[in-house]
Amino acid sequence: MCIFCMIANKEIPSTIVYENDDVICFDDIHPAAPVHVLIVPKRHFDNIVDLSQAVDGLVSYKAVLDAIPVIADIKGTRQGFRLINNCGEDGGQTVMHVHFHLLGGRKLDEKIL
Ligand code: 5GP
Ligand code: ZN
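Attention in this report is confined to the structure presented alongside it.

What counts, and where the lines are drawn
- Residues numbered from 1 in each chain as written.
- Chains lettered and ligands numbered in written order.
- Predicted model: local features only at pLDDT ≥ 70, side-chain atom pairs only at ≥ 80, totals over all residues.
- Heavy atoms only, no water.
- Donors = N, O, S within 2.8 Å, 3.2 Å for Na, K, Ca; no water.
- Tetrahedral: all angles 85-135°; square planar, octahedral: opposite > 155°, others 65-115°.
- Helix = DSSP H or I, 4+ residues; strand = E, 2+ residues; numbered from the N terminus.
- Contact = heavy atoms within 4.5 Å.
- Polar contact = N/O pair within 3.5 Å; in protein donor to acceptor, adjacent residues only side chain to side chain.
- Buried < 20%, exposed > 50% of the residue type's maximum accessible area, 1.4 Å probe, protein only.

## A look at the coordination of the zinc ion (ligand 2)
Alright, step 1. Binding of the zinc ion (ligand 2) to the protein goes through C2 (SG), C5 (SG), H44 (ND1) and H97 (ND1), at separations of 2.1 to 2.3 Å.
Alright, step 2. The site at the zinc ion (ligand 2) holds 4 donor atoms, and with the angles between them running 99 to 120°, its shape is tetrahedral.
Alright, step 3. As a motif over one chain, the donors of the zinc ion (ligand 2) read C-x2-C-x38-H-x52-H.

Shown next as structure tokens:
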């Protein structure tokens, strides 16, 4: 079982910020900003392409979307944040369970576009 499935199953501890039946959100173990939360569908998809192509992937995707303002409110980043998905080897994905990084808590200057 993959590491994020194990976190979703509470077999590996994490600092959970928010969860419901479809999504779990927890602090990244190596934060790149004062706020760095991983938004992770509980159902395993390798990446966003697999999520997109799954017949009922919309349930998981909507759960991710719905979690965004909830996390922003909990972490106090409503004034701005960045959402990142790394997909595949060239995209720099290291954990092959789809997830979205919500980064904030300071002015994020490291823009590539
Ligand atoms: P990726 O590089 O795949 O986009 O992001 C994977 C992220 O997962 C990294 O930012 C990494 O720090 C985080 N991560 C990897 N293993 C763990 C873990 O066991 N616990 C937590 N909380 N974060 C993890
Ligand atoms: Zn998984």
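Let us keep going from here.
## Topic: the environment of D46
Alright, step 1. In this fold, D46 is placed in the loop between β3 (35–41) and α2 (48–53).
Alright, step 2. Each C-alpha atom, one on D46 and one on V95, is 8.5 Å from the other, the two residues being 49 residues apart in sequence.
Alright, step 3. Among all residues touching D46, those that are not within four sequence positions of it are Q93, M96, H97 and V98.
Alright, step 4. Here the side chain of D46 touches H44 through a polar contact of 2.7 Å, side chain to side chain.

## Some details on unusual backbone geometry
Alright, step 1. Even without being a glycine, K10 presents a positive backbone phi close to 65°.
Alright, step 2. Relative to the assigned elements, K10 resides in the loop between α1 (3–8) and β1 (16–19).
Alright, step 3. Judged by relative accessible area, K10 falls into the partly exposed class, the value being 47%.

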